[in-house]
Amino acid sequence: MIKITKIKTPLGEMIAGATKDGICLLEFSDRENLSAEYEELAKLFNTTIKTGFNLHFWALRRQLKEYFRGKRKIFNVRLVTPGTDFQRTVWKELRNIPFGETISYQEQAAALNNISAARAVAQANASNRIAIVIPCHRVIGADRALVGYGGGLARKKWLLDHERKYSGKAVELDLF
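Reading guide: rules and limits
Residues numbered from 1 in each chain as written. Predicted model: local features only at pLDDT ≥ 70, side-chain atom pairs only at ≥ 80, totals over all residues. Heavy atoms only, no water. Core = buried A, V, L, I, M, F, W, Y, C linked by side-chain atoms within 4.5 Å. Buried < 20%, exposed > 50% of the residue type's maximum accessible area, 1.4 Å probe, protein only. Contact = heavy atoms within 4.5 Å. 1 Å grid on protein atoms, 1.4 Å probe; cavity = no way out; pocket = protein on both sides within 12 Å on 5 of 7 lines; lining within 4 Å. Points joined across faces, edges and corners; volume = space filled by probe spheres on them. Salt bridge = Lys/Arg side-chain N within 4 Å of Asp/Glu carboxyl O. Phe/Tyr/Trp six-rings, centres within 6.5 Å; stacked < 30°, edge-to-face > 60°. Helix = DSSP H or I, 4+ residues; strand = E, 2+ residues; numbered from the N terminus. Lys NZ or Arg CZ within 6 Å of the ring centre and 35° of its normal. Expected span 1.5 Å × (residues − 1). Pairing = 2+ DSSP bridges. Axes fitted to C-alpha atoms, helices over the stretch in contact; angles between N-to-C directions.

Caption draft 1: Region of interest: the nonpolar core. Among the nonpolar cores identified, the biggest contains 36 residues, and L26, L60, L64 and I132 are the most heavily contacted of them. Not counting residues up to four positions away in its chain, the partners in contact with I132 are M14, F28, L64, Y67, F68, F75, H137, Y149 and L159. Within the second largest apolar cluster, 8 residues are counted, among which are I2, L25, L41 and V80.

So this is what it looks like as structure tokens:
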């Protein structure tokens, strides 16, 4: 069974989901098509989704609190990320982008030794179900513009500015 819970953050309410093996969902509660994500997860795990408690929520809440206070740069909460081999490879690579830094979809594809896969990388990033912890917000357009974030571009800008602030780098005010 997948248990879900609400988590309050400075950017608004998020919904977390977890199985006995780890966190499988972290999305903003106002994300478009959130119900479709629930349905997909229920199908992938061949189970039901219910509001409730899971031990993994304790670690996730603590680590998110530390992140938003600028004290945590790397998450180590246990994750469960069903997807294709390509998606899982892309999501793993996202976790290699250092806190406070950004890369383009092309740079991410190059890091995967497949420079021609920028569009497929963007699609895999869009399929990421674990916002912030798997930091798809750190990927920007080739022209360094903010593009494509399920939580909205204002939240993406906030997250990038937050990370730059706590990494000691200057906040880029011209990302829009």
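Now that the structure is up, let's keep going.
Caption draft 2: Main features of empty space enclosed by the protein. Per the counting criterion, the structure on display carries 2 cavities of 30 Å³ or more. Roughly 30 Å³ of volume is contained in the second largest cavity. Lining the second largest cavity are V80, T81, W91, N128, R129, I130 and I134.

Caption draft 3: Quick peek at the pattern of salt bridges. Applying the stated rule across the entire model yields 11 salt bridges. Of the charged contacts, one joins E66 and R72 as a salt bridge, the two residues approaching to 2.7 Å between their closest N and O atoms. The exposure class of E66 is partly exposed, given its relative accessible area of 24%. The exposure class of R72 is buried, given its relative accessible area of 13%.

Caption draft 4: Local environment of the packing of aromatic side chains. In the structure shown here, the tally under the stated rule is 4 aromatic pairs. Pairing Y67 with F75 gives two aromatic rings, centres 5.5 Å apart and planes at 40°, and the pair type is tilted. Under the relative-accessibility criterion, F75 is labelled buried at 7%. Aromatic pair Y67 and F99: ring centres 6.1 Å apart, planes at 85°, arrangement edge-to-face. Pair noted here: Y67 is in helix α2 (residues 55-68) and F99 is in the loop between α3 (85-94) and β5 (103-104), with a separation of 32 residues, a long-range link. Since its relative accessible area comes to 9%, F99 is described here as buried. One aromatic cluster is present, built from ring pairs that chain together Y67, F68, F75, F99 and W158. A cation over an aromatic ring shows up here: R155 above the ring of F28, its NZ or CZ 4.0 Å from the ring centre.

Caption draft 5: A look at helix α6 (residues 153-167). With 15 residues, α6 ought to run about 21 Å at 1.5 Å a step, and its terminal C-alpha atoms sit 21 Å apart, in line with that. Of all the positions in α6, only R155, K156, K157, L159, L160, D161, H162, E163 and R164 are classed as buried. In this fold, the buried residues of α6 make contact with β2 (12-19), β3 (22-28), α2, α4 (105-111) and β6 (139-140). Note on α6: the residue one or two positions beyond its end, G168, has a positive phi of about 85°.

Caption draft 6: How the structure looks around the sheet that holds β2. Overall, mixed pairing links the 4 strands, which are arranged β3-β2-β1-β4 in an open sheet. Sheet topology places β3 and β4 (49-51) at the edges, where each strand pairs with a single neighbour. Each strand of the sheet is rotated relative to its neighbour by a mean of 30°, with strand direction disregarded. Here β2 pairs with β3 via 6 bridges, running antiparallel. Bridge pairing links G17 to L25 in β3. The sheet contacts of α2 involve β1 (2-9), β2 and β3, and relative to β1 the element is tilted by about 20°.

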